[in-house]
Amino acid sequence: MAVIHRTTMSPGKLELLAAWMPSKPWYRGGDAPQPAKAGGFRLDDPEGEVGIEFMVVTDTSGGSPVTYQVPMTYRGAPLASAADGLIGTSEHGVLGTRWIYDGAHDPVLVGQLLALLAGAAEAQDQNESGVPDRGVEVRGEGPAAPASPAAAADVTDTADATVIAVGAAGREGPGRVLTLTRVLRPGSAAGEGLLAQVLAPWTDAQGTAPRGTFAALRDA
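All of these numbers come straight from a predicted model, not from anything done at the bench.

**As for the sheet that holds strand S8 (residues 155-157)**
- Pairing is antiparallel in the open sheet, where six strands are placed in the order S7-S11-S12-S10-S9-S8. Strand pairing shows two members of the sheet lacking a second neighbour, strand S7 (137-140) and S8, which therefore form its edges. Between one strand axis and the next, the sheet turns through 20 degrees on average, direction left out of account.
- In terms of strand pairing, S7 meets strand S11 (residues 194-201) through four bridges, oriented antiparallel. By the bridge assignment, Glu137 is partnered in S11 with Leu199.

Quick look at the structure:
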């Protein structure tokens, strides 16, 4: 079980995201992002080493508010294979220096997300330790997660998502595609090859709570 510490981080997560988001092709705001926390959830690392958070932020720097999903991992040491996904480092008031990664590049996050899609993991509250998040819904059932679910070369950013090629259980090669929605919209995923999806709510700029697809697993 992940322990959520009531402490400081310097720089803070939103400050790091404001500097990092404009470099991504799915970012649609202005030159000076103003991200504000709008929801999310966590997953537990079975080894207890890596923090896993699916953060939702709304940015108002463009012509209209846009809500983004940024899955992040927090590590106590650099992860060489995820260098392309480094968001930045921060000094944690309890744990010291934390290396913060875009979770699409971190095999621990991808593996636990596949476990969630397969019904083998449970979403956790974003702000409280040991509290399941009942607002997170899994529709369908994905196959068991492969031993090595992702590598940096398998991650592709698009205009509104990040696509990760994941190996199919029991055979070699990228037989399935895991899509992380970056620009969140209400509604669920559909279409050919859909195996499972994760839906969750967030708080939009009007103060309402839409639900949408955070991640979807499909046959390639």
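**As for the nonpolar core**
- Ranked by internal contacts, the top residues of the largest apolar core, which has 29 residues, are Phe41, Phe54, Leu113, Leu117, Ile164 and Leu178.
- Counting residues per element, the ones that place at least two in this core are strand S2 (35-43), strand S3 (51-59), helix H2 (107-117), strand S9 (161-166), strand S10 (176-181), S11 and strand S12 (211-219).
- Here this core takes six residues from H2, the largest share from any one element.
- When residues no more than four places from it in sequence are discounted, the contact partners of Phe54 are Gly39, Gly40, Phe41, Leu43, Gln69, Val70, Pro71, Leu109, Leu113, Gln126 and Leu180.
- One finds Leu16, Met55, Tyr68 and Val183 within the second-largest nonpolar core, a separate group that totals 16 residues.

**Some words on the packing of aromatic side chains**
- Per the stated rule, a full pass over the model turns up six aromatic pairs.
- Ring geometry for Phe41 against Phe214: centres 5.9 Å apart, planes inclined by 45 degrees, an arrangement best described as tilted. You can see Phe41 sitting in strand S2 and its partner Phe214 sitting in strand S12, a full 173 residues away along the chain. For the pair Phe41 and Phe214, a shared accessibility class is recorded, and that class is buried.
- The structure contains a cluster of three or more aromatic residues connected by ring pairs, namely Trp20, Trp26, Tyr27 and Tyr68.

The rules behind these values
Residues numbered from 1 in each chain as written. Predicted model: local features only at pLDDT ≥ 70, side-chain atom pairs only at ≥ 80, totals over all residues. Heavy atoms only, no water. Pairing = 2+ DSSP bridges. Helix = DSSP H or I, 4+ residues; strand = E, 2+ residues; numbered from the N terminus. Axes fitted to C-alpha atoms, helices over the stretch in contact; angles between N-to-C directions. Core = buried A, V, L, I, M, F, W, Y, C linked by side-chain atoms within 4.5 Å. Buried < 20%, exposed > 50% of the residue type's maximum accessible area, 1.4 Å probe, protein only. Contact = heavy atoms within 4.5 Å. Phe/Tyr/Trp six-rings, centres within 6.5 Å; stacked < 30°, edge-to-face > 60°.

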